[in-house]
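These are the residues of each chain, in order.
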Amino acid sequence: MKHDVSITIDGKTVALPVLEATAGLDVIDVRGLISEGLFTFDPGFLSTASCESKITYIDGDAGVLTYRGYPIEALASGAEHLEVCYLLLHGELPTQAELAQFKSDINERMPIDAQFAKIFDGFTATAHPMSMLCAGVGGLAALFHEGLDIYNADHRMESAMQLIAKVPTLAAMSYRKSIGREFVDPDPSLGYAENFLNMCFGESGKPSSVSPTLASALDRIFILHADHEQNASTSTVRLAGSTECNPYAAIAAGIAALWGPSHGGANEAVLDMLNEIGDVAVVNDYVAKAKDKDDPFKLMGFGHRVYKNFDPRALVMQESCHAVLAEQGVEDEPLLKIATTLEKMAREEPYFIERKLYPNIDFYSGITLKAMGIPTPMYTALFALGRTPGWISHWSEMLSVPFKIGRPRQLYTGPTQRDFVPISDR
Ligand code: ACO
């Protein structure tokens, strides 16, 4: 312990220990305050560390993101997604033999049982892929519940591998359902991202024709999304998991939290916004709308709760984005022109500069996925696929040490107790 802070309440001084971080901010341990009859008040958790974690570190001001100590730039350029999954789950990079075993473990678990696949019969083709993914992943709890001991590390690793393996299959099935096509089975001879693309766009029984450039760009997107410490969806997974619920149910809760446009839904919202803008000539009007306090319109894909200078993932993604645009020969596509004009304008506008609003990863991933020909409603499902190893690593980390059920308190400002009036007298 480095130093303590103290607060004085009604003349009584209470010492609060400061817990040291290995990197980043130390935290004031306020757990003792409840015995003094006080809660802290921090809506949106802007000043609150909800847990201790050894997985991912972010320095928002310096634009640093590391998984288990390794910078995101190094992982995105030197590793493949399943290697990163292994790192997040085990805490160390795999050896070649360990990675080969992990890949084979994942491939083995990718198929979805035909009986279970009937869950998709309950949906119409207009259902959003995120609703189907949420139901599909939550539904896996039905297959893996009896005998599952969440306090057993081997059982947790099995759940992690099942999820990393089955989320791509379920996401691809959601897409195939939405276009009214039959499902394509996973092919164990393909890489993780290639397999996913083939299950989405391939033909049953035919060899994959997925472009290696697109497969590698998608693999990189998965790496960039793999974890982001205690964001809204990961915190949701931890909160749900803290009730000791089934892990597949906890991950379904994370998928639900990810869906919103302030979080994972932003990549889809970016494309909706670009479509709404529709013409380079009116980009200026939309920038003016975003600056207008009386207009709820926000520029989707700009700003971040934690990164206030730049999003390191956005820089890597920007590079991949340009590579994909060039490979697909779509640099002149109207929507992408609107995107580049918007990016340039927002970067030059004092409103955005003063508030440190920069394009985030969703801005570039939205454009990249569009250039890759991925339909917009699938974007957030792809984010969920990428984030699954992060969610399950946090869930497992929480269960591997003593923890408490997540149960925030409140500042009550409603009416004080009043007399009930029977309905006949109202
Ligand atoms: N467009 C216009 N103005 C914005 C934007 C935006 N995208 N984002 C923030 N602002 C303004 C706010 O109005 C506020 O202005 P004020 O100081 O004059 O009141 C100021 O910038 C600070 O914004 P906050 O809302 O306090 O920032 P916060 O950290 O709470 O929110 C968030 C971050 C939710 C990401 C927000 O920037 C936003 O909604 N962005 C658009 C959606 C988006 O891209 N989300 C993806 C997040 S990244 C991810 O999930 C991977």
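Residues numbered from 1 in each chain as written. Predicted model: local features only at pLDDT ≥ 70, side-chain atom pairs only at ≥ 80, totals over all residues. Heavy atoms only, no water.

## Observations regarding the nonpolar core
Here's step 1: Ranked by size, the top nonpolar core spans 113 residues in total, and within it L133, F196, L218 and L342 carry the most contacts.
Here's step 2: Those residues in contact with L218 that lie beyond four places of it in its chain are A193, F196, L197, L369, M372 and L382. (Core = buried A, V, L, I, M, F, W, Y, C linked by side-chain atoms within 4.5 Å. Buried < 20%, exposed > 50% of the residue type's maximum accessible area, 1.4 Å probe, protein only. Contact = heavy atoms within 4.5 Å.)

## Focus on the packing of helix α14 (residues 334-348) against helix α16 (residues 361-371)
Here's step 1: Where α14 contacts α16, the two axes come as close as 11 Å, and the packing angle between them is 165 degrees. With respect to α16, the element α14 is oriented roughly antiparallel. As for the relative orientation of α14 and α16, their crossing is left-handed in sense. Counting all contacts with α14, which are made through L335, L336, A339, L342, E343 and R347, the residues of α16 involved are F363, Y364, I367, K370 and A371.
Here's step 2: Here the contact of α14 with α16 is built from residues that sort into eight nonpolar, no polar and three charged. (Axes fitted to C-alpha atoms, helices over the stretch in contact; angles between N-to-C directions. Helix = DSSP H or I, 4+ residues; strand = E, 2+ residues; numbered from the N terminus. Parallel < 35°, antiparallel > 145°, perpendicular 65-115°, else oblique. Left-handed = near helix turned anticlockwise from the far one by under 90°. Nonpolar A, V, L, I, M, F, W, Y, C, P; charged D, E, K, R; others polar.)

## Some details on the pairing of strand β2 (residues 12-19)
Here's step 1: Examined bridge by bridge, strand β1 (residues 4-9) and β2 share six bridges and lie antiparallel to one another. By the bridge assignment for β2, S6 is matched with A15.
Here's step 2: Between the end of β1 and the start of β2, which pair antiparallel, lie two residues, with D10 showing a positive phi angle near 45 degrees.
Here's step 3: Bridge count between β2 and strand β3 (residues 27-28): two bridges; the pairing is antiparallel. Counted as the bridge partner of V18 is I28 from β3. (Pairing = 2+ DSSP bridges.)

## Re the side chain of S174
Here's step 1: Position of S174 among the secondary structure elements: in helix α6 (residues 153-178).
Here's step 2: Among the residues examined, S174 registers a relative accessible area of 0% and is labelled buried.
Here's step 3: Setting aside chain neighbours within four positions, we find S174 in contact with F120, P129, M132 and L133.

## Considerations on the pattern of salt bridges
Here's step 1: In total, this model carries 16 salt bridges according to the counting rule given.
Here's step 2: With a shortest N-O distance of 3.1 Å, E203 and R181 are connected by a salt bridge. Of the two residues, E203 sits in the loop between α7 (192-201) and α8 (212-225) while R181 sits in the loop between α6 and α7, which places them 22 residues apart along the sequence.
Here's step 3: Note that R347 is salt-bridged to E343, the shortest N-O span being 3.6 Å. With a gap of four residues between them, R347 and E343 both fall in helix α14, about one helical turn apart.
Here's step 4: What makes R347 partly exposed here is its relative accessible area of 38%.
Here's step 5: Accessibility expressed as a relative area gives 10% for E343, which makes it buried.
Here's step 6: When salt bridges with common partners are traced through the structure, they connect R176, R181, E182 and E203 into a single cluster. (Salt bridge = Lys/Arg side-chain N within 4 Å of Asp/Glu carboxyl O.)

Interpretation in functional terms is not warranted from these geometric data alone.
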